[in-house]
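Residues per chain are reported as follows:
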Amino acid sequence: MSNDSVCVRFHTALELIGARWSGAVLQVIFKGAHRYAALKAAIPGVNDTMLARRLRELEAAGLIERRVLDTSPVRVEYHLTEMGEELRPVIDELVVWAHKWIPLPEEKAS
């Protein structure tokens, strides 16, 4: 395996989970929100267009799956795939790092 292939894989992974709202969507699903309305309510500032786009991208990448439940009315839920679940420790470590090193906006002004 050449260094170039590792670099391409790293950049592809970083762009996937680093795209605006992607990490937030994954984090909320890790915490148990599975329906669109619950995801939207848990992610401040995301609009319907961006949330729908990120859900489609994460599904296309194989990180989440969209499940249509046979209920009346029909319900749609989003769940992690095995691949998505394996990102949990990565995202958890990023959260730890962010809490240590990234100040909240109001802390910057102080």
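So, how was this worked out
Residues numbered from 1 in each chain as written. Predicted model: local features only at pLDDT ≥ 70, side-chain atom pairs only at ≥ 80, totals over all residues. Heavy atoms only, no water. Axes fitted to C-alpha atoms, helices over the stretch in contact; angles between N-to-C directions. Helix = DSSP H or I, 4+ residues; strand = E, 2+ residues; numbered from the N terminus. Parallel < 35°, antiparallel > 145°, perpendicular 65-115°, else oblique. Contact = heavy atoms within 4.5 Å. Nonpolar A, V, L, I, M, F, W, Y, C, P; charged D, E, K, R; others polar. Pairing = 2+ DSSP bridges. Core = buried A, V, L, I, M, F, W, Y, C linked by side-chain atoms within 4.5 Å. Buried < 20%, exposed > 50% of the residue type's maximum accessible area, 1.4 Å probe, protein only.

Novice: Looking at this structure, how should I read the packing of helix 2 (residues 22-30) against helix 4 (residues 48-60)?
Specialist: When two helices pack together, their arrangement is given by the angle between the helix axes and the distance between those axes. At a minimum axis separation of 10 Å, helix 2 and helix 4 run at an interaxial angle of 75 degrees. When the axis of helix 2 is compared with that of helix 4, the two are roughly perpendicular. Residues S22, V25 and L26 of helix 2 form the contact with helix 4, whose participating residues are L51, R54, L55 and L58. Classifying every residue of the contact of helix 2 with helix 4 by side-chain character gives 5 nonpolar, 1 polar and 1 charged.

Novice: Sorry, what's going on with the pairing of strand 2 (residues 75-80) here?
Specialist: Regular strands have side chains that alternate between both faces of the sheet. As paired elements, strand 1 (residues 64-69) and strand 2 share 6 bridges and run antiparallel to each other. Within strand 2, the position partnered with V68 by the bridge is V76. Here strand 1 folds back onto strand 2 in antiparallel fashion, the turn holding 5 residues.

Novice: Can you help me understand the nonpolar core in this one?
Specialist: Soluble globular proteins tend to pack their nonpolar side chains together in the buried interior. Within the largest apolar cluster, 20 residues are counted, with the highest numbers of intra-cluster contacts made by L39 and I64. At the level of elements, helix 2, helix 4 and strand 2 are the ones that each hand at least two residues to this core. A per-element tally of this core places helix 2 first, with 5 residues. In contact with L39, not counting residues within four places along its chain, are V25, V28, I29, A33, L51, L55 and Y78.

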